[in-house]
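Listed below are the residues making up each chain.
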Amino acid sequence: MVSQESASRQIAMVLDLNKCIGCQTCTIACKKLWNKDTGTNYAYWNNVETLPGTGYPRDWTKIGGRTEQGEVKAGRIPNLDDEYGRAWNFNHEEVRKGSGKGEGKPWLRPDKAPAWGANWDEDRGAGDYPQDNHYFYLPRLCNHCTHPACLDACPRSAIEKRLEDGIVLVDQDRCHGYRFCVEACPYKKVYFDTERQVTTKCIFCLPRVEEGVAPACARQCPGRLRFVGYLDDEKGPIWKLVNGFKVALPLHPEFGLGPNVFYVPPMSPRKLDEKGRPTGEPRIPTDYLVRLFGEDVRDSLATLEDERAKRRRGETSELMDLLIAYDWNENFALGPRAREVL
Ligand code: SF4
Ligand code: SF4
Ligand code: SF4
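For every chain, the first residue of the written sequence is number 1, and numbering continues from 1 onward in sequence order. Written order determines the labels here, with chains lettered from A and ligands numbered from 1. Only residues with pLDDT of at least 70 are given local features in this predicted model, and only at 80 or more are side-chain atom pairs given and counted; all residues enter the totals for whole chains, interfaces and linings. Hydrogens are left out, water is left out, and the side-chain values use all remaining heavy atoms of the structure.

Caption draft 1: Representation of the overall build of the protein within the structure. Each helix is a run of H or I in the DSSP string that is no shorter than four residues. Each strand is a run of E no shorter than two, and both are numbered from the N terminus. When helices and strands are counted, the protein shows 11 helices and 14 strands. For 342 residues, the compact-globule formula gives about 20 Å, and the C-alpha radius of gyration of the protein, at 21 Å, lands near that figure. Counting only C-alpha atoms, the protein reaches 65 × 55 × 40 Å along its principal axes. A simple rule labels every residue: compare its accessible area, found with a 1.4 Å probe on the protein chains alone, to the largest value its type can have, and call it buried under 20%, exposed over 50%, or partly exposed in between. Looking at the protein as a whole, 49% of its 342 residues qualify as buried. Contacts were defined at the residue level, with two residues in contact if any of their heavy atoms lie within 4.5 Å. For the protein, contacts bridging at least 24 residues in sequence account for 67% of all contacts bridging at least 6. In short, Shrake-Rupley with a 1.4 Å probe defines the accessible areas, and a residue's cover is counted only from the protein chains shown. Counting every atom, the protein has about 16,900 Å² of accessible surface; 49% of that belongs to carbon and sulfur. For this count, His and the chain ends are skipped, Lys and Arg are scored as positive, and Asp and Glu as negative. One atom stands in for each charge, and that atom is NZ of Lys, CZ of Arg, CG of Asp or CD of Glu. Between the centroid of the 49 positive side chains of the protein and the centroid of its 50 negative side chains there is a distance of 4 Å. C-alpha atoms define the radius of gyration in this analysis, and the globule rule sets the expected value at 2.2 Å times the number of residues to the power 0.38.

Okay, structure coming up:
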């Protein structure tokens, strides 16, 4: 196994969940650039799910997989129909041949009543209006883990963690399509190409990163909430947010894989009591965030509250300035070409 201990550097991403508007621009940027094959119609290397919610694939946290003390704990492969959700077919031909005049023109509609699909529960959230209704968006991609379960599970040694930047890649010439990696990844971020019979996953936009250009999902994000750089770069935003201010946290650290995608947790307004007065409790229950990001989320939220209060008092806050991204150049510590569009 090639792990980060032997990789000389680790590239990483931080996403500030307080700024994601759920527009899916990142999802489409990735899909259009890398992942248009028919056999992966259903697959999103980057997806954005609404939480609380079921996610994509549905209830992925319950499907399992991981490595424990060197032992691969296989989960299972999500099914296409009601966990990933097949792409819907529309009556394009019928509409195209329609008269286009008056009542005879057919409407564009799915060929059968949809019962499930990615983002089925988008914007539904939890709680009761107006007391404590809430939701937030969680963009997800492969975590390019320090201890990748996908790599450990592959009997063909077809998955590599690159020494120079820690990016985890599938060698599709070696892959025989056994799908042990799909079973093993607890984040369910490896996908099977049903036509080519090999697995595919996020490549951290390797050809762009090698040119010092930011990954497409980060570059195209209108919320400017994604930061990209190397974990050991103490002047860069990743080190500052993860190790300096300690506000950016891995998702499900209890899986034990050492994810290298980190999240600034969502702050929320206060719950209201029955008379509509704000209480001391946040709308997004802190216990729920602990289940996502671990106990460290309490300190992260406290730091965010403190720094925001400083700005409200008219004081300076390096953390808030960094997260607001006044200067977007600072989001990408990859060199002078980082913001180019390729
Ligand atoms: Fe592998 Fe899954 Fe980790 Fe990505 S998130 S490196 S696919 S185990
Ligand atoms: Fe897709 Fe690149 Fe983002 Fe990975 S880093 S999810 S390949 S756009
Ligand atoms: Fe969120 Fe940015 Fe993706 Fe839009 S492009 S869904 S704001 S991460």
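There is more to say after this.
Caption draft 2: Examining a nonpolar patch on the surface more closely. On the surface, Trp 88, Phe 90, Leu 108 and Trp 120 cluster together into a nonpolar patch covering about 390 Å² of accessible area. By relative accessible area, Phe 90 is classed as partly exposed at 34%. Patches in this entry comprise residues that are over 30% relatively accessible and not in a salt bridge; like charges within 9 Å are linked, as are nonpolar side chains (Val, Leu, Ile, Met, Phe, Trp, Tyr) within 5 Å. A side-chain nitrogen of Lys or Arg and a carboxyl oxygen of Asp or Glu constitute a salt bridge if their distance falls within 4 Å.

Caption draft 3: Local environment of the environment of Ser 268. Along the chain, Ser 268 turns up in the loop between strand 12 (261–264) and strand 13 (270–272). With 203 residues separating them in the primary sequence, Ser 268 and Gly 65 have C-alpha atoms 32 Å apart. We call two N or O atoms a polar contact when they sit within 3.5 Å, provided that within protein one can donate a hydrogen and the other can accept it, with sequence-adjacent residues counted only if both atoms are side-chain atoms. A distance of 3.3 Å separates the side chain of Ser 268 from the backbone nitrogen of Arg 283, its partner in a polar contact. For Ser 268, the side chain forms a polar contact with the main-chain nitrogen of Ile 284, separated by 3.1 Å.

Caption draft 4: Just the site of ligand 2, in detail. Near ligand 2 you find Cys 30, Trp 34, Trp 45, Asn 46, Leu 141, Cys 202, Ile 203, Phe 204, Cys 205, Pro 215, Ala 216 and Cys 217, and these make up its full shell. Per-class residue counts for the shell around ligand 2 are 11 nonpolar, 1 polar and no charged. Put simply, a residue is near a molecule or strand once any heavy atom of it comes within 4 Å of that molecule or strand. Ten residue types, Ala, Val, Leu, Ile, Met, Phe, Trp, Tyr, Cys and Pro, are classed as nonpolar, four, Asp, Glu, Lys and Arg, as charged, and the remainder, Gly among them, as polar.

Caption draft 5: How the structure looks around the side chain of Lys 189. By the secondary structure assignment, Lys 189 is in the loop between helix 5 (180–184) and strand 8 (190–193). Of the side chains with opposite charge, Glu 49 lies nearest to the buried Lys 189, which makes no salt bridge, at 6.3 Å. A polar contact is formed between the side chain of Lys 189 and the side chain of Asn 47, at a distance of 2.7 Å. When sequence neighbours within four positions are dropped, the list of residues in contact with Lys 189 reads Tyr 44, Trp 45, Asn 46, Asn 47, Arg 140, Leu 141, Cys 142 and Lys 201.

Caption draft 6: Focus on the sheet that holds strand 1 (residues 11–16). One open sheet holds the 4 strands; their spatial order is 10-1-12-11, and the pairing between them is mixed. Looking along the sheet, the strands with just one partner apiece sit at the ends: strand 10 (226–230) and strand 11 (249–250). Between any two strands, pairing holds if DSSP finds at least two bridges. Bridge count for strand 1 against strand 10 is 5 bridges, and the pairing is antiparallel. Each bridged residue has a counterpart across the sheet, and for Leu 15 the counterpart in strand 10 is Arg 226.

Caption draft 7: How the structure looks around the side chain of Asp 193. Following the sequence through the fold, Asp 193 ends up in strand 8. The class for Asp 193 is buried, based on a relative accessible area of 0%. At a separation of 2.9 Å, a polar atom in the side chain of Asp 193 contacts the main-chain amide nitrogen of Glu 195. Beyond its immediate sequence surroundings of up to four residues, Asp 193 is in contact with Asp 37, Gly 39, Thr 40, Val 198 and Thr 200.

Caption draft 8: Broad picture of the pattern of salt bridges. In this structure the tally under the stated criterion is 24 salt bridges. Note that Arg 66 is salt-bridged to Glu 68, the shortest N-O span being 3.6 Å. Residue Lys 73 pairs with Glu 68 through a salt bridge whose shortest N-O separation is 4.0 Å. Taking the relative accessible area as the measure of exposure, Lys 73 reaches 39% and is therefore partly exposed. Given a relative accessible area of 34%, Glu 68 falls into the partly exposed group. Among the ionic contacts, a cluster of salt bridges with common partners joins Arg 162, Glu 164, Asp 165 and Glu 210.

Caption draft 9: View of helix 8 (residues 237–244). Along helix 8, the residues that are buried comprise Pro 237, Ile 238, Leu 241 and Val 242. Around the axis of helix 8, the buried residues are gathered within 105 degrees of arc, so they sit on the same side. Phi turns positive, to about 55 degrees, at Lys 246, one or two residues after helix 8. Of all possible arcs, the one meant is that of the directions from the helix axis to the C-beta atoms.

Caption draft 10: Geometry of the nonpolar core. The criterion is simple. A nonpolar core is a set of buried Ala, Val, Leu, Ile, Met, Phe, Trp, Tyr and Cys residues joined through side-chain atoms within 4.5 Å. Counting residues in each nonpolar core, the largest one holds 89 residues, and the members touching the most others are Met 13, Val 14, Leu 241, Leu 289, Phe 293 and Leu 304. Ignoring anything within four residues of it in the chain, the contact list for Phe 293 reads Leu 17, Leu 138, Leu 249, Pro 250, Leu 251, Pro 253, Tyr 263, Pro 265 and Pro 266.

Caption draft 11: Quick peek at the packing of aromatic side chains. Only Phe, Tyr and Trp rings take part, Trp by its six-membered ring, and two of them pair if their centres are within 6.5 Å. Stacked means planes under 30 degrees apart, edge-to-face means over 60, and tilted covers everything else. One pass over the structure, following the stated rule, counts 15 aromatic pairs. When the centroid spacing of 6.2 Å and the interplanar angle of 70 degrees are considered together, the rings of Tyr 42 and Tyr 191 count as edge-to-face. Here Tyr 42 is found in the loop between helix 1 (25–34) and strand 2 (47–51), whereas its partner Tyr 191 is found in strand 8, with 149 residues between them in sequence. Judged on exposure class, the residue Tyr 42 and its partner Tyr 191 are both buried. Ring centres 5.9 Å apart and planes at 45 degrees place the aromatic pair Tyr 263 and Phe 293 in the tilted group.

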